[in-house]
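# Close look at the chain arrangement
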Amino acid sequence: MAYTEEELKKELETKEYEYGFFTDIEADTLPKGLNEEIVIAISKKKEEPEWMTEWRLQAFRAWKEMIEPEWANIRYKKPDFQDISYYSAPNKKPKYNSLDEVDPELLETFKKLGISLDEQKKLAGVAVDIVMDSVSVATTFKKTLAEKGIIFCSISEAIKEHPELVKKYIGTVVPQKDNFYAALNSAVFSDGSFCYIPKGVRCPMELSTYFRINQAGTGQFERTLVIADEGSYVSYLEGCTAPSRDENQLHAAVVELIALDNAEIKYSTVQNWYPGDKEGQGGVFNFVTKRGLCEKNAKISWTQVETGSAITWKYPSCILKGDNSIGEFYSIAVTNNFQQADTGTKMVHLGKNTRSTIISKGISAGKSQNSYRGLVQVNSRAENARNFSQCDSLLMGNECGAHTFPYIEAKNKTAQIEHEATTSKIGEDQIFYCNQRGIDTEKAIALIVNGFSKEVLNKLPMEFAVEAQKLLEISLEGSVG
Amino acid sequence: MLKIDNLHAGVEGNEILNGINLEVNAGEVHAIMGPNGSGKSTLAAVIAGKEEFEVTEGTVILDGEDLEDSAPEERAHKGIFMSFQYPVEIPGVTVTNFMRTAINESRKARGLEEMPANQMLKLIREKSELLEIDRKFLSRSLNEGFSGGEKKRNEIFQMAMLEPKLAILDETDSGLDIDALRIVANGVNKLRSESNAVIVITHYQRLLEYIVPDYVHVLHEGKIVKSGTKELALELEEKGYDWIKNEAVV
Ligand SMILES: Nc1ncnc2c1ncn2[C@@H]1O[C@H](COP(=O)(O)OP(=O)(O)O)[C@@H](O)[C@H]1O
Ligand SMILES: [Mg+2]
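Residues numbered from 1 in each chain as written. Chains lettered and ligands numbered in written order. Predicted model: local features only at pLDDT ≥ 70, side-chain atom pairs only at ≥ 80, totals over all residues. Heavy atoms only, no water.

Looking at an unreviewed UniProt entry, one finds chain B named Fe-S cluster assembly ATPase SufC and attributed to Poritiphilus flavus.

Under the annotation held in an unreviewed UniProt entry, chain A carries the name Fe-S cluster assembly protein SufB and is attributed to Poritiphilus flavus. Looking at chain A in UniProt, the text filed under Sequence similarities (unreviewed entry) is "Belongs to the iron-sulfur cluster assembly SufBD family." (UniProt positions renumbered as here; feature names shortened; annotations may be inferred.)

The structure is reproduced here in structure tokens:
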């Protein structure tokens, strides 16, 4: 009986691995669509060991059975997952030959953020003919870290160089099947960062500069794994205040943090993906799964400033497994024009005397929608768990929305949970008051917004805080009057 | 310095000010009195350029320049200051930070560099001492949780910091106890000079014992119905506003 093409394709999906059929896919960009063949091809291109390929395939099989979630307070046209190319080799060819060719509006923003010329070129994708300073900085940086036994590299490199660590921890906090986007990421993740801090080591610097240098051109499906061994400390900065004009519409990252006994991880993010234009066209869909696990006496703090993306779906969470462990979540989410954000956190109290703090600041302008969604869960064995949550919303104008969805599940009577929420509006009276003192409206809004966000901005490392502050100003430019 | 000519202004077709004439010269202090709702705050806000109010007729001229097209912040840069009857809260913004921003924005508009930090600190110290303001107070969020009296004192502190050409004080005395009143009046009197002018809006004669006006005007239904010297304030206190109202009708 003659094979139909359809049947051939089906068979390939299940059998290609045995037959080694994938080998003829050698192009730098894989064809659109997602099937086992593609997953294997990605793994192969990255020269991964077999266990990793298998791990990806497990994720893919789980993903195939899953349905894209719809519970978030966001509205968008679902991406066609078969119309996306899941791998393209890092593009070495510069997009532009000089800064003159770059969108002047983008350059203007760079200037306002105080980004150096060299860095501007790098971020905009302009050819740089001299070896940038930063490369040598990165090298010295790596040396200092290596002396302390700290491993900080791309996840691809870690899979090759430190397979025992990756194998032991990847997927332990965010399992492959955790949710639709996490499963997708597990199957196809392009690259990301890996960090291991050995026992008792205090990482001597913010892991930021290095990351920032590597920021340009990170893929759509990032995977990050940070392990702080017993008694260690690390502060990790992710993202970049410079606007990212990524053409990829869909982003689904996974970040896993593991803080072993007495360890502390501080994870700060500034997200500024392209939010779409003023009419709501284009923009990145950002579906992120971030979660940390705290062992005994460990502490994880998430601090985030979210200003970009058309759609943000993101809930950095803490599993407070060990007794006396601490989880913190500090967030500023800004939405303007047609942006939509559904973000918040989950604090899962499993151990005794666990504590969590949630401070969320939502700022909505234009026609945007900004939702906080938080879950505080206290397990029956979690004696004396404590949580404090505060969610403040600031509205600018009459066409935007702010929503709060706090969920509390306490199964232990000793739990102490406090929740406070406020909604305020930038009033004409506030603006006039500032105007009367000689402060123009743009600056007045920046001042009011900074005041509103202060508790969270204060949690950011110093230099990042200054940039984040400027970013808030820029994100809200032209949103009033 | 300030010349207001046949000023008509209102909100959405409702006329609140109907034909104000007022001239204030450098070095003078003018008091504006009048019953509740007579338009005193509206007049102050219109001079400061609040866009909520529409000027339908007449002009406001500062140093020979028509202010019609000046935004509120531009008027502030030109030296107009208004002490608010109801100062606004700005959470998370400290008094110091607010003042630093205000001063530097005005300097920028005048083509000056930002004020160096040490100079700023010195100025803050000097002015907070003048108004007997506890330094801890300056690290608090602007007007948030301030008592009525603290708010008013803070307004005058800001005035002292900005050293305006024309200061309009809208019921700065309400909510002040007698000691605070004296301190605030002292702050205002320190500003008085040959080149500055002050408009004091008040209900009561009390404040005018400390800030002695050169002229007193009575506002009623959006019009200045009577002007005189400081004795007029005393007469008003004695006879009440009904006297003016009746007279206005005649
Ligand atoms: N924003 C506004 N919209 C409508 N009416 C207003 C507004 N502001 C003031 N008014 C009216 O204008 C009149 C004068 O108010 P105001 O200037 O505050 O008086 P005063 O300060 O003398 O007590 C009052 O009748 C008041 O209700
Ligand atoms: Mg009034």
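Structure's up, so let's keep going.
With that out of the way, let us pick up the overall build of chain A. Along chain A, the regular secondary structure elements total 13 helices and 18 strands. Of all 481 residues assigned to chain A, the portion counted as buried reaches 56%. Within chain A, residue pairs in contact and separated by at least 24 positions form 83% of the contacts whose partners lie at least 6 positions apart. Put simply, chain A shows about 21,200 Å² of open surface, and 49% of that area lies on carbon and sulfur atoms. (Helix = DSSP H or I, 4+ residues; strand = E, 2+ residues; numbered from the N terminus. Buried < 20%, exposed > 50% of the residue type's maximum accessible area, 1.4 Å probe, protein only. Contact = heavy atoms within 4.5 Å. Areas by Shrake-Rupley, 256 points an atom, 1.4 Å probe, with all protein chains shown as cover.)

Let us look at unusual backbone geometry. Residues and elements named next belong to chain A. At Asn-262, a position not held by glycine, the phi torsion is positive, near 60 degrees. Inspection of the secondary structure assignment puts Asn-262 in the loop between β6 (254-259) and β7 (264-271). Backbone geometry at Ser-309 places phi at a positive 70 degrees, although glycine is not the residue there. With respect to the helices and strands, Ser-309 occurs in the loop between β9 (299-306) and β10 (311-314).

Distances from the magnesium ion (ligand 2) to its protein donors, Ser-41 of chain B (OG) and Gln-85 of chain B (OE1), fall at 2.1 to 2.2 Å. One end of the pair, Ser-41 of chain B, is in helix α1 (residues 40-48); the other, Gln-85 of chain B, is in the loop between β6 (80-83) and β7 (90-94), and 44 residues separate them in sequence. (Donors = N, O, S within 2.8 Å, 3.2 Å for Na, K, Ca; no water.)

This next bit is on the nonpolar core. The nonpolar side chains of a soluble globular protein tend to be buried, and buried together. Judged by nonpolar contacts, the single largest core of 112 residues is most densely connected at Ile-363 of chain A together with Leu-2, Ile-4, Phe-98, Phe-157, Leu-166 and Ile-199 of chain B. With eight residues, helix α12 (residues 441-457) of chain A is the single largest residue contributor to this core. Other than its neighbours up to four places away in sequence, Phe-98 of chain B contacts Tyr-433, Cys-434, Arg-437, Ile-439 and Leu-447 of chain A together with Ile-90, Val-93, Leu-142 and Gln-158 of chain B. Ranked by size, the runner-up nonpolar core spans 54 residues in total, among them Val-39, Tyr-87, Ala-158 and Ala-187 of chain A. (Core = buried A, V, L, I, M, F, W, Y, C linked by side-chain atoms within 4.5 Å.)

The next thing to look at is the interface of chain A and chain B. Taken together, the 17 residues of chain A in the interface contact 31 residues of chain B. Buried area between chain A and chain B, both sides added, is near 2,000 Å², and the carbon and sulfur share of it is 66%. Its largest share of buried area at the contact with chain B, chain A owes to Phe-432, Tyr-433 and Arg-437 of chain A, together 37% of the area lost on that side. The residue Lys-50 of chain B makes a salt bridge to Asp-429 of chain A at a minimum N-O spacing of 3.1 Å. The interface formed by chain A and chain B holds 11 residue pairs in polar contact (both at pLDDT 80 or more) in total. Breaking the side of chain A that touches chain B down by element, the ones donating at least two residues are α11 (428-436) and α12 of chain A. (Buried area = accessible area lost by both parts, 1.4 Å probe. Salt bridge = Lys/Arg side-chain N within 4 Å of Asp/Glu carboxyl O. Polar contact = N/O pair within 3.5 Å; in protein donor to acceptor, adjacent residues only side chain to side chain.)

Let us look at the pairing of strand β8 (residues 285-294) of chain A. In regular strands, side chains alternate between the two faces of the sheet. Residue and element names in this part refer to chain A. Most of β8 is tucked away, with 10 of its 10 residues classed as buried. Side chains Phe-285, Phe-287, Thr-289, Arg-291 and Leu-293 project from β8 onto one buried face, and the interleaved Asn-286, Val-288, Lys-290, Gly-292 and Cys-294 project onto a second face that is buried too. Two elements, strand β5 (residues 250-251) and β8, share two bridges in a ladder whose sense is parallel. Within the sheet, the bridge partner assigned to His-251 lies in β8 and is Asn-286. In this sheet, β8 lies alongside β6 in parallel orientation, the contact comprising six bridges. Within the sheet, the bridge partner assigned to Ala-259 lies in β8 and is Cys-294. In this sheet, strand β11 (residues 317-320) lies alongside β8 in parallel orientation, the contact comprising four bridges. Bridge pairing in β11 places Gly-292 opposite Cys-318. (Pairing = 2+ DSSP bridges.)

So, on to the sheet that holds strand β16 (residues 386-395) of chain A. Residue and element names in this part refer to chain A. Across the sheet, seven strands lie side by side as β4-β7-β9-β12-β14-β16-β18; this open sheet has parallel pairing. Both edges of this open sheet fall to β4 (233-239) and β18 (416-425), since each of them pairs with a single strand only. Between one strand axis and the next, the sheet turns by 5 degrees as a mean value, whatever way the strands run. Judged from the seven bridges that link them, β4 and β7 form a sheet pairing that is parallel. Bridging across to β7, Gly-239 finds its partner in Val-270. (Axes fitted to C-alpha atoms, helices over the stretch in contact; angles between N-to-C directions.)

Glancing now at the site of ligand 1. Residues and elements named next belong to chain B. With respect to spatial proximity, the complete set of residues near ligand 1 consists of Val-11, Ile-16, Pro-35, Asn-36, Gly-37, Ser-38, Gly-39, Lys-40, Ser-41, Thr-42, Glu-52 and Phe-53. With respect to ligand 1, the side chain of Thr-42 contributes an N or O atom lying 2.5 Å from an oxygen atom. Glu-52 is positioned such that a nitrogen or oxygen atom in its side chain is 2.7 Å from a nitrogen atom of ligand 1. When the free accessible area of ligand 1 is taken as 560 Å², the share hidden by the protein chains comes to 60%. A total of three residues in the shell around ligand 1 trace back to one element, the largest contributor, which is α1. When the residues that make up the shell around ligand 1 are grouped by side-chain class, the tally is four nonpolar, six polar and two charged. (Near = heavy atom within 4 Å. Nonpolar A, V, L, I, M, F, W, Y, C, P; charged D, E, K, R; others polar.)

Glancing now at the packing of aromatic side chains. Residues and elements named next belong to chain A. All chains considered together, the criterion is met by 19 aromatic pairs over all chains. The interplanar angle of 90 degrees and the centroid separation of 6.4 Å between the aromatic rings of Phe-285 and Phe-287 together place this pair among those described as edge-to-face. Each member of the pair Phe-285 and Phe-287 is classed as buried. Each residue in the set Phe-60, Trp-63, Trp-71, Phe-81, Phe-180, Tyr-181, Phe-285, Phe-287, Trp-313 and Tyr-315 is aromatic and connected to the rest through ring pairs, giving one cluster. Positioned over the ring face of Tyr-433 is Arg-437, at 4.7 Å from the centre of the ring. (Phe/Tyr/Trp six-rings, centres within 6.5 Å; stacked < 30°, edge-to-face > 60°. Lys NZ or Arg CZ within 6 Å of the ring centre and 35° of its normal.)

On to the pattern of salt bridges, then. All names here are of chain A. Within this structure, the stated rule accounts for 24 salt bridges over all chains. The partner of Arg-373 in a salt bridge is Asp-342, with the nearest N and O atoms 2.7 Å apart. Within this pair, whereas Arg-373 is found in strand β15 (residues 369-378), its partner Asp-342 is found in strand β13 (residues 340-349), the two being separated by 31 residues in sequence. Judged by relative accessible area, Asp-342 falls into the buried class, the value being 0%.

This part takes up the packing of α12 of chain A against helix α13 (residues 462-475) of chain A. Residues and elements named next belong to chain A. Where α12 contacts α13, the two axes come as close as 10 Å, and the packing angle between them is 140 degrees. Viewed along their axes, α12 and α13 adopt a mutual orientation that is oblique. The crossing of α12 and α13 is right-handed. Where α12 abuts α13, its residues Ala-446, Val-449, Asn-450, Ser-453 and Leu-457 lie against Ala-465, Ala-468, Gln-469, Leu-472 and Glu-473. Looking at the contact of α12 with α13, its residues break down into six nonpolar, three polar and one charged. (Parallel < 35°, antiparallel > 145°, perpendicular 65-115°, else oblique. Left-handed = near helix turned anticlockwise from the far one by under 90°.)

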